[in-house]
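Chain by chain, the residues:
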Amino acid sequence: MNRLNLILDHIKKDKEGIYGILIVVLILLYGIIGSILIMKLNLYDSLYYTIITIATVGYGDIIPITPLQKIFSVTLALSGVGILAYIVTFIISSVTQNLHDIRSGRIMERKLAEMENHYILCGFGRVGIAVYEELMKRNQKVIIIEKNEKKLEDIEENENVILLNANATEDKTIKKLNIDKSLGVIVTTGSDVDNLFIVLTTRELYNDAWIVSRASKKESIKRLKHAGANKVISPEASGGTDIYFASVQPNLIHLTEKHGVDFIGKELEILRKYNCHLENIEYHFHGIRTPVSRTIGVLDESEEDAFIEKINSNKNVRESLETIYGTVNEVHSHWVSGPDQFFLNMAIKELENEGIVLGVNLSFDEINEFTKQFKE
């Protein structure tokens, strides 16, 4: 787009530009009509005299004689000076704004290109906010795409959070997001049609992307899966937390362990070191397919320390935990989430070195063999 087009585009968006054009037209009409009536010129000479007076050129071939003609010429010349000043200011403002937009666009493109191991959240409504909160609890990096700029006003952008006011259904938007280096694409707009377009576009451009989509209507679930979504979640039946867990599934492992109450603090310390989290705990009873499960969620360091302190200082709490651990012969499992596979693997390796890991992503039969073995 050349400079003239940029100025015209700015005029369309700026009321001041429209008002400026109207003022210029009015001054031209004032000069032409005044030249005809006051200077006694014909139409062509009136146009000529108006332009050279406004431009403050003044060739001297047409000279005002009467006081009225002189007053008219002075007012026309002063109007011209004002117009020229306005035009110069307007052009400088337009070009400066354009350079700012270009610079902002380049900065955004660079920030997007530098993002790695991040999640892409398309849509920032009620469900999108719930997913965003889960991501933030776990210190994940995220790019948020939302076409309604007002919805992003209360979110603070930082090195882990990029806000992109754009339409995620467009190819050009999807191509900016560094999806090939992302951990997953989370689609949570309120429109199943938009979600379908985003899933289709993403899958066409990035065949290996992990895509989780919201479905507002039950009949949309099949269509979204067919379009390429790895997981489809209905918030009517589940919430933002479930969408988050579906999104992090490639970086979520099922870890089966055997250890007593005394090792809980050490385990939390190891996971904390690699920014991993125990999402829940499952107690396995021999022969029973469904374990007893308790959700842990995300605990910050102070909450973890307070929990360990409670175990060590409160006799009743410690005895209760020891009873549960003893009942299942200390065999239990966790869903563990992490920033990415590298950090998850580092955490698992350190836990394996401690000798407590029985296996990763074991089947029921494999876990049942362990419970049987320790039961005997």
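One can find the structure itself at the top, above this paragraph.
Please read all numbers here as calculations on a predicted model, not as lab measurements.

Engineer: An account of the pairing of strand β2 (residues 141-145) is requested, with residue identities and associated values reported.
Structural biologist: A large share of β2 lies buried, amounting to 4 of its 5 residues. Considered for its hand, the β-α-β crossover made up of strand β1 (residues 118-122), helix α5 (residues 126-137) and β2 is right-handed. Sheet analysis places β2 next to strand β3 (residues 161-164), joined by 4 bridges and oriented parallel. Within β3, the position partnered with V142 by the bridge is V161.

Engineer: Which residues make up the packing of helix α7 (residues 192-205) against helix α8 (residues 220-227), and what values go with them?
Structural biologist: Direction vectors running N to C along α7 and α8 enclose 15 degrees, while the axes themselves pass 8 Å from each other. Here α7 lies roughly parallel to α8, going by the angle between them. Crossing angle aside, the handedness with which α7 passes α8 is right-handed. On α8, the residues that touch D192, N195, L196, V199, L200 and R203 of α7 are S220, R223, L224 and A227. For the contact of α7 with α8, a count of residues per class yields 5 nonpolar, 2 polar and 3 charged.

Engineer: Give a description of the sheet that holds strand β4 (residues 184-187) that names residues and reports values.
Structural biologist: Taking strand neighbours across the sheet as the criterion, the 6 strands line up as β3-β2-β1-β4-β5-β6 in an open arrangement whose pairing is parallel. Single-partner strands in this sheet number two, and they are β3 and β6 (231-233). Strand after strand, the sheet turns through a mean of 15 degrees between neighbouring axes, direction not considered. As judged from the 3 bridges shared by strand β5 (residues 211-214) and β6, these two strands associate in the parallel manner.

Engineer: If you had to explain the pairing of strand β9 (residues 280-283) to someone new, which residues and values would you point to?
Structural biologist: What you see with β9 is no split at all: N280 and E282 on one side and I281 and Y283 on the other are buried throughout. Two elements, β9 and strand β10 (residues 292-295), share 4 bridges in a ladder whose sense is antiparallel. When the sheet's bridge partners are listed, I281 is paired in β10 with R294. Two elements, β9 and strand β11 (residues 331-337), share 2 bridges in a ladder whose sense is antiparallel. Across the sheet, residue E282 finds its bridge partner in β11, namely S333.

Criteria and cut-off values
- Residues numbered from 1 in each chain as written.
- Predicted model: local features only at pLDDT ≥ 70, side-chain atom pairs only at ≥ 80, totals over all residues.
- Heavy atoms only, no water.
- Buried < 20%, exposed > 50% of the residue type's maximum accessible area, 1.4 Å probe, protein only.
- Helix = DSSP H or I, 4+ residues; strand = E, 2+ residues; numbered from the N terminus.
- Right-handed = clockwise from strand over helix to strand, strands pointing away.
- Pairing = 2+ DSSP bridges.
- Axes fitted to C-alpha atoms, helices over the stretch in contact; angles between N-to-C directions.
- Parallel < 35°, antiparallel > 145°, perpendicular 65-115°, else oblique.
- Left-handed = near helix turned anticlockwise from the far one by under 90°.
- Contact = heavy atoms within 4.5 Å.
- Nonpolar A, V, L, I, M, F, W, Y, C, P; charged D, E, K, R; others polar.

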